[in-house]
Amino acid sequence: MRFQVLSGLGSRLACQASNSLLPKTPSGEIRRLTSSTAKFKDEDLLLFFNEEVQTILKTLTGFDLNKVFQARKLGHSLQAPQYKLMTSQQVEEAIEKARDKASKLLQMPPVVPISQETDVVLSKDPELIALDTSKYLITDISFGKTDRTRTVVVRDLDGTLRKAHRSERRNANQTYFPILGKQFRVPKMFQPEHLKPVLERGDYLFVLDRTCVEFDADDPEYHRITHTTYNHIDEKQAYGTLRFTRHFGPMVFYLVLSDNIDNLLLENLKTARLSDAAALIQLHHIVHPNTKSAKNKLQSGQEMAFIKEYIDNDSKLKVALELALMENDKREFPEAQASSGNL
């Protein structure tokens, strides 16, 4: 094994809480408190990987090659388009290749529980007190290790040797195995006072893409930032900014977990996405099987009745949803509406 030692990182790697104030596990390890964003049960979050849930989320995300490959402002100059003469078969092959690439780009970021960070003390060596004026960060840089399995330990000023905290591990990995686009220090844009104006501009996709680069999916900051973004989108009803992107599914799953699907359901009905509205309610029944409307199963061709059952029993925007459903009924059966009007 090859180890690399860094010193002089005391201020950058300092812990934010006193160890004496942190609760301990039965084995004596000090358990660090996670952020308040951990409001969901672990088993509920893991429903994200359920096969039926994944199928519904992919259906709701949709598939639009123009949206997947649209030009974005990333600070790079755009490449000039290329024009080729192709046979019909070559065109079909090119389209199929584009579809495969788009499917990979639409791979949803995972929704996982927040990891519990613990202080694991390896040894206490008081004879090393005052040996140096800074901590030592010791990193295993052997080939074949991943960022999550790589051994990273810290020698504190009081002589304690312990496993590195999340922020220390992040900095060590980024020092020796940098990820393209990831910064050594967490960007200031993720601080609440800076994040709010970015969201007000509607740069949701930029925020979520950069969050995926800067944080692991089980990081408390990842949960805080993504949940804040999803809530802002729901408040503004700006669902179209994420539809046909890899972030739409996780946002829908968050809204379903929060039992807060009525705004999205209303948007689906107003935009004549009747099948999406039914699929959304179906997903809600999977995650919340004890709701009153969950006993009603979706039957082919019975989407209107299925949606109405949810509106009557579980919705919080009953009047608005009923009006939107009536408008869909008029679009679906215009002749019947005209006949009833003549009577």
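See the structure shown above.
A few points on the structure.

Taken together, the side chains of Met86, Val91 and Ile95 define a hydrophobic patch exposed on the protein surface, amounting to about 230 Å² of accessible area. Tracing the backbone shows Ile95 in helix α4 (residues 88-105).

Each packed pair of helices is defined by two parameters, the angle between the axes and the distance between the axes. It is the contact of helix α2 (residues 51-61) with helix α9 (residues 248-257), at a shortest axis distance of 9 Å, that shows an interaxial angle of 120°. The two elements α2 and α9 cross, and the hand of that crossing is right-handed. Between α2, through Val53, Leu57, Leu60 and Thr61, and α9, the contact on the second element is made entirely by Phe248, Gly249, Val252 and Phe253. Of the residues that constitute the contact of α2 with α9, the class distribution is 6 nonpolar, 2 polar and no charged.

Under the definition given, this model contains 18 salt bridges. In this structure, Asp216 and Arg148 form a salt bridge, with 3.3 Å as the shortest nitrogen-oxygen distance. Linking Asp216 in the loop between α7 (204-214) and α8 (220-236) with Arg148 in the loop between β5 (136-140) and β6 (152-155), this pair joins segments that are 68 residues apart in sequence. On the accessibility criterion, Asp216 (42% relative accessible area) is partly exposed. Here Arg224 ties to Glu221 by a salt bridge, and the two come within 2.8 Å at their closest N and O atoms. Of the two residues, Arg224 and Glu221 are both situated in helix α8; the distance of 3 residues between them amounts to about one turn of the helix. Linked by salt bridges that have partners in common, Lys135, Asp156, Arg162 and Glu168 make up one network.

What follows is about helix α6 (residues 192-200). Of the positions making up α6, those classed as buried are Leu195, Val198 and Leu199. Along α6, the residues classed as buried sweep out an arc of 95° about the axis, all on the same side. Away from its buried face by more than 90 degrees, α6 exposes Glu193 and Lys196. Close packing links the buried residues of α6 with α7 and α8. Downstream of α6 by a residue or two, Gly202 has a phi angle that is positive, lying close to 85°.

Glancing now at helix α10 (residues 262-270). The buried fraction of α10 amounts to 8 of the 9 residues, a majority that puts the element mostly inside the structure. Along α10, the residues classified as buried are Asp262, Asn263, Leu264, Leu265, Leu266, Glu267, Asn268 and Leu269. Phi turns positive, to about 60°, at Ala272, one or two residues after α10.

Conventions we followed
- Residues numbered from 1 in each chain as written.
- Predicted model: local features only at pLDDT ≥ 70, side-chain atom pairs only at ≥ 80, totals over all residues.
- Heavy atoms only, no water.
- Patch = residues over 30% accessible without salt bridge, like charges linked within 9 Å, V, L, I, M, F, W, Y side chains within 5 Å.
- Areas by Shrake-Rupley, 256 points an atom, 1.4 Å probe, with all protein chains shown as cover.
- Salt bridge = Lys/Arg side-chain N within 4 Å of Asp/Glu carboxyl O.
- Helix = DSSP H or I, 4+ residues; strand = E, 2+ residues; numbered from the N terminus.
- Axes fitted to C-alpha atoms, helices over the stretch in contact; angles between N-to-C directions.
- Left-handed = near helix turned anticlockwise from the far one by under 90°.
- Contact = heavy atoms within 4.5 Å.
- Nonpolar A, V, L, I, M, F, W, Y, C, P; charged D, E, K, R; others polar.
- Buried < 20%, exposed > 50% of the residue type's maximum accessible area, 1.4 Å probe, protein only.
- Arc of directions from axis to C-beta.

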